[in-house]
Amino acid sequence: MSVDGKVVYQVEVDSKDAENQAKKAGEKLADELEKPLNDVPKEFSEKGKQSGKNFGKNVKDGSQSGATGFKGIWTGAARAIGQEIVNLGKEAVQAIGEFVKASVEIGMGFEATMSEVKAISGASSDQLAQLTAQAKELGATTKFSATEVAEGFTYMAMAGWDAQKMMDGMPGILNLAAASGEDLALVSDIVTDALTAFGLKAEDAAHFSDVLAKASSSSNTNVALMGETFQYVAPVAGALGYNIEDVATAIGLMANSGIKGSQAGTQLRAILSRLTAPTEDAQAALDSLGISLTTDSGQIKALSTLMDEMRKSLGGLSEAEQTQLATTIAGQEAMSGLLAIVNASEEDYQKLVEQIYSADGAAEQMAATMQDNLQGAFTTLDSTVEGFRLAIFDGLEGPLKELAGLATDAIREITVALETEGIAGALSAATKIGTRLILDLLQAIVQNLPQMLLAGVQLITSLAEGLSGSLNLVFAQIPLLIQGLLQAIISNLPQLITAGIELIGALISGIIQIVPQIPMIFYNLV
């Protein structure tokens, strides 16, 4: 037929005939589905039938109401998504602002610490720039942050080290701190003080760190406790010209007998002091044992030689004789420390000596081992993130300094106006100054924009490099997690298969009861 010039095709459908066809189609579908399910156990079929009926009813009810609510659902969803996008945008801006604020605070702290290093050490501006660059580099490539490295530099400066000595000594100290798990500032303090006491130089820091690392790992002590021991014995040992290897051996032997920390320091200091200036009784005891502090030519014997002599002379005596002579030689308080050195087994003594005298490279190797785990990877990642923050600070430092200077001048002007012209003058001055500040700030941002953009590129590159290095260990754990999951599935596979078959069989058996109605459901929708 034609309506308003348009051809309209009109189709009439016999509703009764369509209904009958839908019923037949449903019955046929049910028959087809029922054939492969003849073997489904009857014990779970009833629950499955009921589940299937409920499923079909829900389909019918939902389909009848779905057409009406579909448009409303999409409209509401669109609005909700739009609002979520707005909320996420606000949260993102806030998070970025907080991150930048924290970055500025960290950057100011780092810069202040480096200024302290410069003031204490007397470093030039060029030397400070070199120290700053090394602190950032070590912060990006080790478990320690740039701020922690800067704090370590502070202790080196207080020990009288110049900029070059600091840069030479820091890598070894970093390895020792990482190997021992101790605070970097503490280890830096221990090493610098002990090196000074032993008359060693900054370039000896790596070897010194290796000896401490090996001694602490080969005996019952640690770097912090050895640091306490050095506070008491290092000045005396250094004055006698003893090397760090022999002193570390004595400290390790005493630690194995439970004498460590400040107690070991006071006892070993007393032993060395009484050997240097023995009492009359102590000298008589030493003479009876054939022990002397010096050679025939008057040279002070090495501490290892003294320990060998005392172990040989006292080792063969009875326990009572040992105790009496040790008390006479070392004094009542230090007697136990001397006996710990004397009575260590020859095997333990030689093993410790060999390990300490072959310690080169120990701190670096131990540090790598300590960091070769997931926690170490995330610790390094934290340090890399701080480098990211410092890069942000570097980009913002120029504009912020200018802004701080402008604000300082503005407050001074307003103060002068308040004092000379009162509140009205102060308000007028504040308005003029505020306008000028905004213009100056915009100009400063424009002038520093290229450097800020460059810093942004650098910090993103730095972060990417840090992540690529740190996340290897994270991703290395994923196969282990998958393997554990697969093992759990395999071990429970029989139960899982049985439960799955029962569930599927019951569900399909129930659906069969509702299948004949499904064509009618869609027919009603039409």
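Below: a short report on this structure. (Residues numbered from 1 in each chain as written. Predicted model: local features only at pLDDT ≥ 70, side-chain atom pairs only at ≥ 80, totals over all residues. Heavy atoms only, no water.)

1. Focus: the packing of aromatic side chains
Right, on to step 1. Evaluation of the coordinates by the stated rule reveals three aromatic pairs.
Right, on to step 2. Ring geometry for phenylalanine 198 versus phenylalanine 230: centroids 6.0 Å apart, planes at 90 degrees, classification edge-to-face. Remark: phenylalanine 230 occurs in helix H8 (residues 223–239) and phenylalanine 198 occurs in the loop between helix H6 (184–197) and helix H7 (205–218); sequence separation between them is 32 residues.
Right, on to step 3. A relative accessible area of 4% means that phenylalanine 230 is categorised as buried. (Phe/Tyr/Trp six-rings, centres within 6.5 Å; stacked < 30°, edge-to-face > 60°. Helix = DSSP H or I, 4+ residues; strand = E, 2+ residues; numbered from the N terminus. Buried < 20%, exposed > 50% of the residue type's maximum accessible area, 1.4 Å probe, protein only.)

2. Points about the environment of leucine 253
Right, on to step 1. Structurally, the position occupied by leucine 253 is in helix H9 (residues 244–256).
Right, on to step 2. For leucine 253, a relative accessible area of 3% gives the class buried.
Right, on to step 3. For leucine 253 and tyrosine 349, which are 96 residues apart along the polypeptide, the C-alpha to C-alpha distance reads 7.5 Å.

3. Re the nonpolar core
Right, on to step 1. Counting residues in hydrophobic clusters, the biggest one holds 91 residues, and the most contacted among them are Phe153, Phe208, Phe230, Tyr242 and Val247.
Right, on to step 2. With 10 residues, the top contributor of residues to this core is helix H5 (residues 163–180).
Right, on to step 3. Leaving out residues up to four positions away in the same chain, phenylalanine 230 has contacts with Ile190, Ala194, Phe198, Phe208, Leu212, Pro235, Ile244, Val247 and Ile251. (Core = buried A, V, L, I, M, F, W, Y, C linked by side-chain atoms within 4.5 Å. Contact = heavy atoms within 4.5 Å.)

4. Description of empty space enclosed by the protein
Right, on to step 1. Tallied over the entire structure, the rule returns one cavity of 30 Å³ or more.
Right, on to step 2. Estimates place the volume of the largest cavity at around 40 Å³.
Right, on to step 3. Taken together, Leu268, Ile271, Leu272, Leu275, Leu303, Met307, Met310, Leu338 and Ile341 form the lining of the largest cavity.
Right, on to step 4. Of all elements in the fold, only helix H10 (261–276), helix H12 (303–315) and helix H14 (335–343) reach the threshold of two or more residues within the lining of the largest cavity. (1 Å grid on protein atoms, 1.4 Å probe; cavity = no way out; pocket = protein on both sides within 12 Å on 5 of 7 lines; lining within 4 Å. Points joined across faces, edges and corners; volume = space filled by probe spheres on them.)

5. Details of the side chain of threonine 154
Right, on to step 1. On the secondary structure map, threonine 154 appears in helix H4 (residues 146–158).
Right, on to step 2. Apart from residues lying up to four places away in sequence, threonine 154 is in contact with Thr113, Glu116, Val117 and Ile120.

6. Focus: helix H16 (residues 362–371)
Right, on to step 1. For H16, every residue scored as buried is listed here: Ala362, Ala363, Ala367 and Gln371. Along the long axis of H16, the arc covered by the buried residues comes to 150 degrees, so they all point the same way. Turned more than 90 degrees off the buried face of H16, the exposed positions are Gln365 and Thr369. (Arc of directions from axis to C-beta.)

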